[in-house]
Amino acid sequence: VAQAREQYRLLYEWIERQEPMRLTEVVRLVAEASSVLGVLHGAQRLHGDVGLRALALSPEGRVRVYGAGAAAESMWRNELGSGVVAGMDRLEFQSRQGQEVRAVGLLLHRLLMGRVLPCGEDLADAAALQHWHLEWREPLPYRINDPLKALAAKSLAMSPQEGFLSARSLGEALAAWRDDA
């Protein structure tokens, strides 16, 4: 495990070194992280620590989400056979799931802005804030078109009617944008 981990570099290390990423690579990274989160959420699990220390890149550009396996340890099965996080009712789980989706959206926005992210920042806690207003301050490191700006805004929407219902749907939308880019 240690050898495999050494091949990957944590996202905050890429950011600290200010290694350039193409716009499509930024979108791919966030889409893949969303897909992993979507698998967890589909299994009624939460990651619990979405942030820069949880995402890593291989030299080939593969994305790894650390801590995703640990989420399975906090599971129990109810009488109906559907998984829920221990000690959490369904509404609370859905709320926390939405927080994790918005955390990935916040990561997307900050990467698109080229802002340095504090490596210890808890993105899920930051995404839980009720009032998000996306600002696209010039100069931006990328030429961001309106459809991608709209995806970033939707990824941070507090209401399920306005935002993504799942991390999987966010990942699929980003992958579709990347394929069209």
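Overview of the structure. Everything numeric here is computed off the predicted structure, so don't read it as measured data.

Quick word on helix H4 (residues 90-113)
Part 1 of the reasoning: When the terminal C-alpha atoms of H4 are compared, their 34 Å separation across 24 residues agrees well with the 34 Å that a helix rising 1.5 Å per residue should span.
Part 2 of the reasoning: In terms of burial, H4 is a largely internal element, 18 of the 24 residues being buried.
Part 3 of the reasoning: One or two residues past the end of H4 sits Gly 114, with phi positive at roughly 75 degrees.

Here we look at the packing of aromatic side chains
Part 1 of the reasoning: All told, the structure shown has zero aromatic pairs when counted by the stated rule.
Part 2 of the reasoning: Above the ring of Phe 164, the side-chain terminus of Lys 154 is found at 4.7 Å from the ring centroid.

Details of the pattern of salt bridges
Pairs can form between side chains of opposite charge once their charged atoms are near each other.
Part 1 of the reasoning: Counted according to the given criterion, the structure contains four salt bridges.
Part 2 of the reasoning: Taking the shortest distance from any N to any O, the salt bridge between Glu 25 and Arg 22 comes out at 3.4 Å.
Part 3 of the reasoning: On the basis of relative accessibility, which here comes to 57%, the residue Arg 22 falls in the exposed class.
Part 4 of the reasoning: With a closest N to O distance of 2.8 Å, Arg 28 and Glu 25 form a salt bridge. Pair noted here: Arg 28 and Glu 25 are both in helix H3 (residues 23-42), with a separation of three residues, about one helical turn.
Part 5 of the reasoning: Three or more residues joined by partner-sharing salt bridges are found here, namely Arg 22, Glu 25, Arg 28 and Glu 32.

What about the sheet that holds strand E2 (residues 55-57)?
Part 1 of the reasoning: Read across the open sheet, the three strands follow the order E1-E2-E3; overall the sheet is antiparallel. Looking along the sheet, the strands with just one partner apiece sit at the ends: strand E1 (9-10) and strand E3 (63-65).
Part 2 of the reasoning: The strands touched by H3 are E2 and E3; relative to E3, the strand with the most contacts, the crossing angle is about 40 degrees.

Some thoughts on helix H7 (residues 167-180)
Part 1 of the reasoning: With 14 residues, H7 extends 20 Å from end C-alpha to end C-alpha; this agrees with the ideal 20 Å at 1.5 Å per step.
Part 2 of the reasoning: Looking at the buried positions of H7, the neighbouring elements they touch are H3, H4 and helix H6 (146-155).

Here we look at the side chain of Ser 58
Part 1 of the reasoning: Examined against the element boundaries, Ser 58 turns out to sit in the loop between E2 and E3.
Part 2 of the reasoning: Sequence-distant contacts of Ser 58, defined by excluding residues within four places in its chain, comprise Gln 7, Tyr 8 and Trp 14.

Here we look at the side chain of Ser 155
Part 1 of the reasoning: Take Ser 155: it is sitting in helix H6.
Part 2 of the reasoning: Owing to a relative accessible area of 1%, Ser 155 belongs among the buried residues under this scheme.
Part 3 of the reasoning: At a separation of 2.6 Å, a polar atom in the side chain of Ser 155 contacts the main-chain carbonyl oxygen of Ala 152.

Concerning the nonpolar core
Part 1 of the reasoning: With 39 residues, the main nonpolar core has Leu 11, Leu 111, Leu 112, Leu 148 and Leu 174 as its most contacted residues.
Part 2 of the reasoning: At the level of secondary structure, the elements contributing two or more residues to this core comprise helix H2 (11-16), H3, E2, E3, H4, H6 and H7.
Part 3 of the reasoning: Per-element accounting of this core gives the leading share, nine residues, to H3.
Part 4 of the reasoning: Once residues within four sequence positions are removed from consideration, Leu 148 is found in contact with Leu 23, Val 27, Leu 112, Leu 174 and Trp 177.
Part 5 of the reasoning: Residues Tyr 8, Leu 10, Tyr 12 and Tyr 66 belong to the second largest nonpolar core, which totals five residues.

Reading the values: rules and limits
- Residues numbered from 1 in each chain as written.
- Predicted model: local features only at pLDDT ≥ 70, side-chain atom pairs only at ≥ 80, totals over all residues.
- Heavy atoms only, no water.
- Helix = DSSP H or I, 4+ residues; strand = E, 2+ residues; numbered from the N terminus.
- Expected span 1.5 Å × (residues − 1).
- Buried < 20%, exposed > 50% of the residue type's maximum accessible area, 1.4 Å probe, protein only.
- Phe/Tyr/Trp six-rings, centres within 6.5 Å; stacked < 30°, edge-to-face > 60°.
- Lys NZ or Arg CZ within 6 Å of the ring centre and 35° of its normal.
- Salt bridge = Lys/Arg side-chain N within 4 Å of Asp/Glu carboxyl O.
- Pairing = 2+ DSSP bridges.
- Contact = heavy atoms within 4.5 Å.
- Axes fitted to C-alpha atoms, helices over the stretch in contact; angles between N-to-C directions.
- Polar contact = N/O pair within 3.5 Å; in protein donor to acceptor, adjacent residues only side chain to side chain.
- Core = buried A, V, L, I, M, F, W, Y, C linked by side-chain atoms within 4.5 Å.

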